[in-house]
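Structural description and commentary
Each chain is listed here by its residues.
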Amino acid sequence: MTARARDMKAAGINVLSFAAGEPDFNTPEEIREAAKVALDEGQTKYCSSRGLPLLIEAIQRKVSRENGFQCNANQVVVSCGAKHSIYNALQVLINPGDEVILFAPFWMTYADQVLLAGGKPVIIHTTAETGFTPDPDQIKRAITAKTKVLIVNTPSNPTGGAWSRQLIKEVASIALKHNLMIISDEIYERLTYDHDHCSFASLSKDVAAHTITILGVSKTYSMTGWRIGFSVSTPEIATAIANFQDQVTSNATTFAQAGAAAALDSATETVAGMKQKFCDRRELGLKLLGDISGLKTAPPKGAFYFFTDVSLYLTGRISTDVDLADHLLDTAHIATIPGSVFYGPGHLRLSYANSPEAITEGFTRLKNALNDLS
Ligand SMILES: Cc1ncc(COP(=O)(O)O)c(C=O)c1O
């Protein structure tokens, strides 16, 4: 959809895109400055595959300050984005045939990365009625002798759902009982609207020993193109990840790591400003979507996506969310992502990482197009 929207824009059509998974802000100035200084100072060579000591120390301070747990330098590996961190984790944990539990709707990369590692995705479905969170009994039922890993993403892309502290505790105790690892993708941890984020690794030392926490700078600091993400795990797993990464990419870009260190240490106020903007856009978007009869949108608890139930509009010629997304792009010139991409059919994902003007204009187009359909 993003590529089609780009082609249409290039052809001069006024397309409004709600498809992108990245903040629309520029990377804050203090972060850009730190990377420029690093470039000028010659930080342009290889560094340890685990990451620049400067960044690793900033990560240690960050998790202690914001995530409620302590880690040593030998537990951290910096990679080329959180996506790369998750890939590395699956590559070192999964043997052929191992099962990995995923909670649908989920970020589609997980299933493909599990397959790339030779594993088997086992999908647990969740619905808007439970805020897109699972019942622990569903997990107990899905566990077999081959289950190795659970991938949890809270707050979630695409649903904006977030797991309660109580659910996190219950799932952690299931993981401990069955000796499973948790890959906890916390990339949207700082973008929460009505709750405090809870990291699995903060629950206890035992839980931390069963958790690979995935974090990064892409979403919080609007640094998607910098490609810096990181994992915090046990020293043994971190060593396996570092050894694996050593033969694939070596270190993530050195001067980008210097920028990421500045982000973690000093961009607190800028982040608060960006988060406030997301809050305002969320309110605006919810109001506008609420005015469209037949749509059901659970207020997102985190990230920057609405995951809107459009099933009432799926009849006749337009019978799937994919048909509807195509139709909206063709007729209303708005780009959305069909929920089936995330194993959540009957929905559209609309990113509110967009200006208030674009949200107002785009959601008005959406309303008119759906009116025409009905
Ligand atoms: C849930 C989730 N995890 C990880 C990532 C990847 O982030 P990065 O840009 O750090 O690779 C994304 C990006 O869209 C995401 O939505």
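So, here's what we can say about the structure. Being a predicted model, the structure only gives us computed values, none of them experimental.

Evaluation of the coordinates by the stated rule reveals 17 aromatic pairs. Arranged with centres 5.9 Å apart and planes meeting at 80°, the rings of Tyr188 and Tyr305 form a pair that is edge-to-face. Here Tyr188 is found in the loop between strand S6 (181-185) and helix H8 (205-209), whereas its partner Tyr305 is found in strand S10 (residues 305-309), with 117 residues between them in sequence. Residue classification places Tyr188 among the buried residues on the basis of a relative accessible area of 2%. Given a relative accessible area of 0%, Tyr305 falls into the buried group. On the numbers, 5.1 Å between centres and 20° between planes, the contact of Phe278 with Phe304 is stacked.

Note that Arg349 resides in strand S13 (residues 347-351). Taking the C-alpha atoms as reference points, Arg349 and Tyr305, 44 residues apart in sequence, are found 6.4 Å from one another. When residues no more than four places from it in sequence are discounted, the contact partners of Arg349 are Phe18, Ala19, Ala20, Gly21, Asn157, Pro158, Tyr305, Phe306, Phe307, Thr336, Ile337 and Phe342. Here Ala19 takes part through its backbone oxygen, which lies 2.8 Å from a polar atom of the side chain of Arg349. A polar atom in the side chain of Arg349 sits 2.8 Å from the side chain of Asn157.

We now examine unusual backbone geometry. With omega at -5°, the peptide bond leading from Ala104 into Pro105 counts as cis. Residue position: Pro105 is located in the loop between strand S3 (99-104) and helix H5 (109-116). Thr154 connects to Pro155 through a cis peptide bond whose omega is -10°. Unlike most non-glycine residues, Arg227 shows phi in positive territory, near 60°. Residue class for Arg227 comes out partly exposed when judged on its relative accessible area of 33%.

Calculation notes
Residues numbered from 1 in each chain as written. Predicted model: local features only at pLDDT ≥ 70, side-chain atom pairs only at ≥ 80, totals over all residues. Heavy atoms only, no water. Phe/Tyr/Trp six-rings, centres within 6.5 Å; stacked < 30°, edge-to-face > 60°. Helix = DSSP H or I, 4+ residues; strand = E, 2+ residues; numbered from the N terminus. Buried < 20%, exposed > 50% of the residue type's maximum accessible area, 1.4 Å probe, protein only. Contact = heavy atoms within 4.5 Å. Polar contact = N/O pair within 3.5 Å; in protein donor to acceptor, adjacent residues only side chain to side chain.

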